[in-house]
Amino acid sequence: MTSLIAATHSTLLLLPLLLFPLPFGSSAYFVVPIQDQPELTAEQQEQLKERDRYAEETSKLRAEGKLAEAIEAAHKMLAIERKVFGNMHEDVAGSLEQLADMYEQRVLDPLSPSEREDLAAARQAREEVLAIVKRLYGVTSQPNKASTPTQHWKVTDARLAAAHVERLAGLDGAERRRLAEAKQLSGKVVQFHGQGKFREAVDPARRALDIRQEILGEEHPDTARSLNNLGYLLHAMSQYEASRPYYEQALAITKKVLGEEHPETASNLNNLGALL
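Quick caveat: nothing in here was measured; it's all calculated off a predicted structure.

Remarks on the overall build of the protein chain
- Of the regular secondary structure elements, the protein chain holds ten helices and four strands.
- In the protein chain, which comprises 276 residues, the proportion classed as buried is 49%.
- Considering only intrachain contacts with a sequence separation of at least 6, the fraction spanning at least 24 residues in the protein chain is 63%.

Dropping the structure here:
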């Protein structure tokens, strides 16, 4: 089973048999182990129902391109989660990631009047996510290598996401517009893919890859996702020899940047394995 990955910095789309993780796990959906969840009061359960309504409103507004209203709804969602769960909780981290994604999206908008404020808000949200996942996951160990400590993949994602904010801050207006273009192109890839139009999706996939290689570099998770996407599309059109180098490059990057235990590394390995 192969998977197409959309680096959207912001939204997490889940389609049948296809994984679309957020950039660096950005806006990732965290799951708290059942045994770690305290029993909620009736009042808290009602508050979470209200939280869910704000979550739906956030998604709807984002899909409509109404970022200011979506950010306002997401802040209300986050406030409820802090009240019910406290600050060190994965649901809080998930909402903070959504907010960071939206603030970063506005940074890429050349017409946005609040670039400095949006960068500061994104930075603060990413730093808090990193603090939460470090507290929740800390240092783990690789299987069969108990003496070799390593960080959990969610910590890796949070570190990379925080670093990405600093990268955005260092880009000029033209470079940010190029990244915004790459995001739009990736959206077209997802759209064409959903319609089964693999051939039409190849050109925007190539263009998104070119931009990310130019602006973000060869060893960036978004570059790896674009490589994987292009390999996937060629694979879907039975162009097996053409797809292989893209899968191999994507796998090499995720192994190096994300680590061998990361879900995206496993996904890319699965893609390559399905080809061979």
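Details of the packing of helix α8 (residues 221–236) against helix α9 (residues 240–257)
- At a minimum axis separation of 8 Å, α8 and α9 run at an interaxial angle of 155°. Viewed along their axes, α8 and α9 adopt a mutual orientation that is roughly antiparallel. In the packing of α8 onto α9, the handedness of the crossing is left-handed. For the pair α8 and α9, contact is made by Pro221, Thr223, Ala224, Leu227, Asn228, Leu230, Gly231, Tyr232, Leu234 and His235 and by Tyr240, Ala242, Ser243, Tyr246, Tyr247, Gln249, Ala250, Ile253, Thr254 and Val257, respectively.
- For the contact of α8 with α9, a count of residues per class yields 13 nonpolar, seven polar and no charged.

Here's the deal with the nonpolar core
- Core analysis: the largest hydrophobic core is formed by 42 residues, its most contacted members being Leu96, Leu99, Met102 and Leu179.
- Only α1 (42–63), α2 (67–85), α3 (90–107), α4 (115–137), α5 (153–169), α6 (173–194) and α7 (198–215) provide two or more residues apiece to this core.
- Looking at which element gives the most residues to this core, the answer is α2, with nine residues.
- Among residues more than four places away in sequence, those in contact with Met102 are Thr58, Arg62, Leu67, Ala70, Ile71 and Ala74.
- In terms of nonpolar packing, the next biggest core, distinct from the first, is built from 19 residues, Ala205, Leu209, Met237 and Leu272 among them.

Considering the confidence of the model for the protein chain
- Here the protein chain averages 86 in pLDDT, while 83% of its residues score no lower than 70.
- With pLDDT under 50 throughout, residues 7–35 is counted as low confidence; its partners more than four residues away or in other chains account for 89 contacts.

A closer look at unusual backbone geometry
- Within the chain, Ser238 stands out as a residue other than glycine whose phi angle is a positive 65°.
- In this structure, Ser238 sits in the loop between α8 and α9.
- Taking relative accessible area as the criterion, Ser238 reaches 45% and is therefore assigned partly exposed.

Observations regarding the pattern of salt bridges
- Following the criterion strictly, the structure yields 22 salt bridges and no others.
- A salt bridge links Glu72 to Lys76; the shortest N-O distance between them is 3.8 Å. Separated by four residues within a single helix, Glu72 and Lys76 lie in helix α2, roughly one turn from each other.
- Classification of Glu72 by relative accessible area gives partly exposed; the value is 46%.
- Lys154 is the salt-bridge partner of Glu90, the closest N and O atoms lying 3.4 Å from each other. Taken together, the positions of Glu90 in helix α3 and Lys154 in helix α5 put the pair 64 residues apart, joining distant regions of the chain.
- Overall, Lys154 belongs to the buried group, its relative accessible area being 13%.

Definitions and cut-offs
Residues numbered from 1 in each chain as written. Predicted model: local features only at pLDDT ≥ 70, side-chain atom pairs only at ≥ 80, totals over all residues. Heavy atoms only, no water. Helix = DSSP H or I, 4+ residues; strand = E, 2+ residues; numbered from the N terminus. Buried < 20%, exposed > 50% of the residue type's maximum accessible area, 1.4 Å probe, protein only. Contact = heavy atoms within 4.5 Å. Axes fitted to C-alpha atoms, helices over the stretch in contact; angles between N-to-C directions. Parallel < 35°, antiparallel > 145°, perpendicular 65-115°, else oblique. Left-handed = near helix turned anticlockwise from the far one by under 90°. Nonpolar A, V, L, I, M, F, W, Y, C, P; charged D, E, K, R; others polar. Core = buried A, V, L, I, M, F, W, Y, C linked by side-chain atoms within 4.5 Å. pLDDT = per-residue confidence, 0-100. Salt bridge = Lys/Arg side-chain N within 4 Å of Asp/Glu carboxyl O.

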